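# Summary of structural features
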Amino acid sequence: MKKWLICSFVFVLLVSFTACSPSGEHETIKIGIAESDRAIWNYIAEKAEEAGLDIQLIPFSDYAESDIALANKEIDANAFQTISYFQSFTQKYKHKLAPLGTTYITPMGIYSKRYGRIQDIPRGAVISVPDKAFDFGRALTVLQKAGLLTLKNGFNGTGSVDMIKDNPRHLKLKTVRQQDAVSGADVFVMKPSDAKKAGLNPKKHTIKSGGLMSEEEMNLIVVRAEDQDREALQTILELYQADDTAAFIEKEYQGDLVPAFLPLKRLSDWKNEFEH
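Here, residues in each chain are numbered from 1, in the same order as that chain's written sequence. pLDDT decides what is reported in this predicted model: residues at 70 or higher carry local features, side-chain atom pairs at 80 or more are listed and counted, and totals for whole chains, interfaces and linings draw on all residues regardless. Hydrogen atoms and water are omitted, and side-chain values are computed over all heavy atoms in the structure.

Spelled out, the test is: UniProt positions are given in the numbering used here, feature names are shortened, and annotations may be inferred rather than shown by experiment.
Labelled according to an unreviewed UniProt entry, the chain appears under the name ABC transporter substrate-binding protein, originating from Bacillus inaquosorum KCTC 13429. For the chain, the Sequence similarities (unreviewed entry) comment in UniProt is given as "Belongs to the NlpA lipoprotein family." Taken verbatim from the UniProt record of the chain, the Subcellular location (unreviewed entry) comment is "Membrane".

Printed below as a string of structure tokens:
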């Protein structure tokens, strides 16, 4: 009996020690996100908990603010800017940030209730495009892919109308807030989610889809360069780029976001781009 009591006491001590030991604690990782991505990150946070990681989600509405917070060590990573925006930001601010891997692409297309084909769009047509600088740049890319505009060499996905080299149909670009996109125009360049909010049916009113555009349009998880090989962050990347996460994104966002998972070694010439 005494022997049993001693063994039981030792067992309780071992359990208590393990529970209080730092090795049993979860590591906390703060990630800056766009509010629209919360469903994805809630899903990943549940998986991360099983891996001993506690993910805290910090919402941002501005890319630059999130990058500055990351550089200042207020967060450990952020996850909603595209490769082209990140390249532009790091060239301007020279913060020592680095990409960890890609997450998804947000398609952008050309919509209209009046015209069914690109060739039907007349000279001088008014085309509404997003007023946010980066989305405006993406809209220019989509219009070029559709053969409606030609952009200058060196266009990196950001910029203004100054980047237009040739506009043979003399199209009039009207920058508008997305909620006002269908006002005063017959052709609209926007994301599928914004098209739905504006009362358009992406399947019925799409003229030309940007589809899986280019590598530069992929969204990134970004970290500080010194943390690029940090084990916890690499684990989070693996959880994000898993098949079940891709299936979750496809089901949850119904084509508004398209999984696009690439490790750094698959991003062509990314080092040269980020270091210049």
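### Here's the deal with a negative patch on the surface
Convention followed: Patch definition: residues above 30% relative accessible area lacking any salt bridge, with like charges linked at up to 9 Å and the nonpolar side chains Val, Leu, Ile, Met, Phe, Trp and Tyr linked at up to 5 Å. Areas reported as accessible are Shrake-Rupley estimates using a 1.4 Å probe. Residue values count occlusion only from the protein chains shown. We count a salt bridge whenever a side-chain nitrogen from Lys or Arg sits within 4 Å of a carboxyl oxygen from Asp or Glu. For the purpose of charge, His is not counted, nor are the chain termini; Lys and Arg are scored as positive and Asp and Glu as negative. Charge placement uses NZ in Lys and CZ in Arg. For Asp and Glu, CG and CD serve respectively. By the criteria applied, helices consist of DSSP H or I runs no shorter than four residues and strands consist of E runs no shorter than two, each listed in order from the N terminus. Whether a residue is buried, partly exposed or exposed follows from its accessible area with a 1.4 Å probe, protein chains only, as a fraction of its type maximum: under 20%, in between, or over 50%, in that order.
Taken together, Glu46, Glu49, Glu50 and Asp54 make up a surface patch of like negative charges. Among the elements that line the negative patch, the one with the most residues is helix H2 (residues 38-50), at three residues. Examined against the element boundaries, Glu46 turns out to sit in helix H2. A residue is classified by how much of its surface remains accessible, and Glu46, at 57% relative accessible area, is exposed.

### Regarding the pattern of salt bridges
Across all of its chains, the model carries 12 salt bridges by this definition. For Arg230, the salt bridge is made with Asp76, and the minimal N-O distance between the two is 3.2 Å. With a gap of 154 residues between them, Arg230 in the loop between strand S13 (220-224) and helix H8 (231-240) and Asp76 in the loop between helix H3 (63-71) and strand S3 (77-78) connect regions that are remote in the sequence. The exposure class of Arg230 is partly exposed, given its relative accessible area of 23%. A salt bridge links Asp227 to Arg224; the nearest nitrogen and oxygen atoms lie 3.2 Å apart.

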